[in-house]
Amino acid sequence: MPAAGDSQPECDLNLGEGTMSVSSATSTTANGENVLKRAIDWKGAFWVASGVPALVVFSIGGIAGTVGIPAYTVWIVSMIMGFIQSFTYAEIAGLFPNKSGGASVYGAAAWLRYGKFIAPLSVWCNWVAWTPVLSLGSAIAAGYILNLMEPTPGAEQIAAYIAQQTAAGNVVDEAAATMALMPIHNWSLFSINLGDVVSLSVNWTFFIGAILMLLAFAIQHRGILGTASVQTVVGLVIVITLLIVGVVPFFNGNFHSENFSPFVPLAAAYAPEPGAWNITGWTLVLGGMFIAAWSTYGFETAICYTSEFKNPKTDTFKAIFYSGLLCLVLFILVPITFQGYLGLEGMLAGDIVAGTGVAHAMGAMVAGGSALINTLFVFLMIAALILIIITAMAGSSRTLYQGSVDGWLPRYLSHVNHNGAPTAAMWTDLVTNLILLSIASVDATAYYFILAVSNCGYIIFNFLNLNAGWIHRIDSGHIARPYRAPTFILALGGIFAFVNAMFMGAGAKVWNPVALWWGLGIAALIIPVFAFRHYVQDKGQFPPRMMEDLGLKAGDLGQKKAGILPYVVLVAGLAVVLISNWVFTI
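Predicted, not measured: the structure shown is a model, and the values here were computed from it.

Asker: Please clarify how the pattern of salt bridges should be interpreted in this entry.
Answerer: Two side chains of opposite charge can pair, provided their charged atoms sit close to one another. Counting across every chain of the model gives five salt bridges. When the shortest N-O distance is used, the salt bridge between Asp 475 and Arg 113 registers 3.5 Å. Within this pair, whereas Asp 475 is found in helix H18 (residues 444–475), its partner Arg 113 is found in the loop between helix H4 (103–111) and helix H5 (118–130), the two being separated by 362 residues in sequence. Assessed through its relative accessible area of 7%, Asp 475 is described here as buried. Its relative accessible area of 16% is what places Arg 113 among the buried residues. Arg 411 is the partner of Asp 538 in a salt bridge, and the nearest nitrogen-oxygen pair spans 2.8 Å. Taken together, the residues Asp 538 in the loop between helix H21 (526–537) and helix H22 (544–549) and Arg 411 in the loop between helix H16 (371–405) and helix H17 (423–440) connect sequence positions 127 residues apart. Several salt bridges converge on common partners, so that one network encompasses Glu 91, Arg 473 and Arg 481.

Structure representation (structure tokens):
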């Protein structure tokens, strides 16, 4: 593997006529404003990103429910694609040692000279993709906690309740009896129907999830060094747990090879009957590839902290590369062992699809599923979900922060506290996700609707950023790069951009008929947001700090060496989405 470069205490990067220098570790600017601190190395970022493998529990059941037996290959192919794409992100991240916020920020710089409204789209869509991890992770964790507080009644309890009600002259079926015996699960302060798409409910899932998000906020408030310290401890435990789950079933008799045939997609989603490799089957598979990308590509969050690295010249590449290796192992092993143990019908179980039964499945496949082991795995799963919540808040808040610093998003988001934490962006994340949590806590349909809509943003971000790699090469090819990806890898990333666009066009509808259109609509919200910042707050000028980082002068965005190619790519990408949506149907 190409080396990331020799360690140096300082990195000067000349873009055009400007020079970017890595500042020394500091907590304030010359005018007294707090800024992000250079406090961690690549290992700190690795552990902050170590929550990403826990994303497998978000959709392992959902992907199996839509794809069927080939689901494990969806995870393998998606993870390999994500790993290859990460080399493009590693290169462009190295160009901006003073920026934070992740690959979307570095990619936005490539698109800036080709359209003011294109560049912030990358940043916005990356945030739209990452921020729902807080609400979705909190919803699953709250489900586990509720199950500890109020376990599902057994058959004897249900039968006794039905007999009691029958003796009293009431007719009660099994479903009604179960609901009556689980008052905490079914309590709601109020519910609001938001049309035919989603509903909003403030219930116990909402309140428990809100507490978990506040816990993540409190940990983040201490700054990136404190966050990395917490993540190191929790992350090590969770990584070891997932490795055990991914390996032990091969040796204890809980892995069954017959669960991997016949190798055909389902005839219909969430029904165990095998289908065929026809248009419907391929549509379901592409739907699986679409939603898997939201998890398997996520380790790119390891480069959200470039401006907080002590030595970004070497730390940037190492952070994303080793995070990618970790995810490559876990995102391949865990889905295989789950399917090998549960089989198709087990993977289609409601609690696996919802994510709240994953811990019990882990306990059963590793150690036979005793009550003590099951409880242990429940607590480990809650810890894993808190880990990914912290990871998501760390990354998404820095995307908002850097977007504000660079002039894409409202100014208030650039506020940083005395610990070097972007608290204004964190509060924005928190409030946004309280709203999303009230929707995700309703049922699995609402959960996957949010997931699919947010992933439309993620695919758009990936499309723009994978193409940003070759745009940077053309426009700034003379710039020395701490890490330079092989040209064929850069080209392959450009091809994958269109493959991802096909996943979105064909696959979003698998999760909700209107998910694609909602996703495109939410992506378009950047237009008024950016217009307010740029034309109202900044009077049509970009912040001097952003222009300095790019080596540009005020009013001069630089030469468009790539010509019309970026515009051709945008039109072609949109065409792929629309054609895929038309061709692939269920």
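Right, picking up where we left off after that structure.
Asker: When you look at helix H23 (residues 565–583) in this model, what are you seeing that I'm missing?
Answerer: Counting along an α-helix, one turn takes 3.6 residues, and residues three or four places apart therefore face a common direction. Here H23 spans 26 Å end to end across 19 residues, near enough to the 27 Å set by a 1.5 Å rise per residue. Residues of H23 that are buried include every one of Pro 566, Val 569, Gly 573, Val 577, Ser 580 and Asn 581, and no others. Along the axis of H23, the buried positions cluster into a sector of 105°, meaning they face one direction only. Facing away from the buried side of H23, by more than 90 degrees, are the exposed residues Val 571, Ile 579 and Trp 582. In this structure, the buried side of H23 is in contact with H4, H18, helix H19 (487–511) and helix H20 (515–523).

Asker: Is there a simple way to think about the pairing of strand E4 (residues 198–203) in this case?
Answerer: Note on strand geometry: in a regular strand, side chains alternate between the two faces of the sheet. For E4, the tally of buried residues reaches five of six residues, placing the bulk of the element in the interior. Where strand E3 (residues 188–194) meets E4, six bridges bridge the pair, whose relative direction is antiparallel. Paired with Ser 188 across the bridge in E4 is Asn 203. Counted between consecutive antiparallel strands, the loop separating E3 from E4 contains three residues, among which Gly 195 sits at a positive phi close to 95°.

Asker: Which parts of the structure should I look at to understand the packing of H19 against H23?
Answerer: For any two helices packed against each other, the geometry comes down to the angle between their axes and how far apart the axes lie. Running from N to C, H19 and H23 cross one another at 30°; their axes reach a closest spacing of 7 Å. Two packed elements cross with a definite hand, and for H19 against H23 that hand is right-handed. Counting all contacts with H19, which are made through Phe 498, Ala 501, Met 502, Met 504, Gly 505, Ala 506 and Lys 509, the residues of H23 involved are Val 569, Ala 572, Gly 573, Val 576, Val 577, Ser 580 and Asn 581. The class makeup of the residues in the contact of H19 with H23 is nine nonpolar, four polar and one charged.

Asker: Honestly, the packing of aromatic side chains in this entry has me stumped. Any pointers?
Answerer: How two aromatic rings sit relative to each other is set out by the distance from centre to centre and by the angle between their planes. Applying the stated criterion across every chain, the model contains 35 aromatic pairs. An angle of 10° between the planes, with centres 5.9 Å apart, marks the rings of Trp 75 and Phe 331 as stacked. Remark: Phe 331 occurs in helix H13 (residues 312–347) and Trp 75 occurs in helix H3 (residues 71–94); sequence separation between them is 256 residues. Between Trp 187 and Trp 204, the ring centres sit 5.5 Å apart and the planes meet at 45°, which makes this aromatic pair tilted. Remark: Trp 204 occurs in helix H10 (residues 204–220) and Trp 187 occurs in the loop between helix H9 (183–186) and E3; sequence separation between them is 17 residues.

Asker: Honestly, unusual backbone geometry in this entry has me stumped. Any pointers?
Answerer: Most peptide bonds are trans, and most residues other than glycine sit at a negative phi. The amide bond that connects Ser 261 to the next residue, Pro 262, takes the cis arrangement and shows omega of 0°. Within the secondary structure layout, Pro 262 lies in the loop between helix H11 (224–247) and helix H12 (279–296). One non-glycine residue, Lys 539, lies in the positive phi region at around 55°. Its place among the elements puts Lys 539 in the loop between H21 and H22. Accessibility expressed as a relative area gives 64% for Lys 539, which makes it exposed.

Asker: Honestly, the packing of H3 against H13 in this entry has me stumped. Any pointers?
Answerer: At their nearest, the axes of H3 and H13 sit 9 Å apart, and the two run at 175° to each other. Considering their axes alone, H3 and H13 lie roughly antiparallel with respect to each other. When its residues are assigned to classes, the contact of H3 with H13 shows 21 nonpolar, five polar and no charged.

Rules used throughout
- Residues numbered from 1 in each chain as written.
- Predicted model: local features only at pLDDT ≥ 70, side-chain atom pairs only at ≥ 80, totals over all residues.
- Heavy atoms only, no water.
- Salt bridge = Lys/Arg side-chain N within 4 Å of Asp/Glu carboxyl O.
- Helix = DSSP H or I, 4+ residues; strand = E, 2+ residues; numbered from the N terminus.
- Buried < 20%, exposed > 50% of the residue type's maximum accessible area, 1.4 Å probe, protein only.
- Expected span 1.5 Å × (residues − 1).
- Arc of directions from axis to C-beta.
- Contact = heavy atoms within 4.5 Å.
- Pairing = 2+ DSSP bridges.
- Axes fitted to C-alpha atoms, helices over the stretch in contact; angles between N-to-C directions.
- Left-handed = near helix turned anticlockwise from the far one by under 90°.
- Nonpolar A, V, L, I, M, F, W, Y, C, P; charged D, E, K, R; others polar.
- Phe/Tyr/Trp six-rings, centres within 6.5 Å; stacked < 30°, edge-to-face > 60°.
- Parallel < 35°, antiparallel > 145°, perpendicular 65-115°, else oblique.

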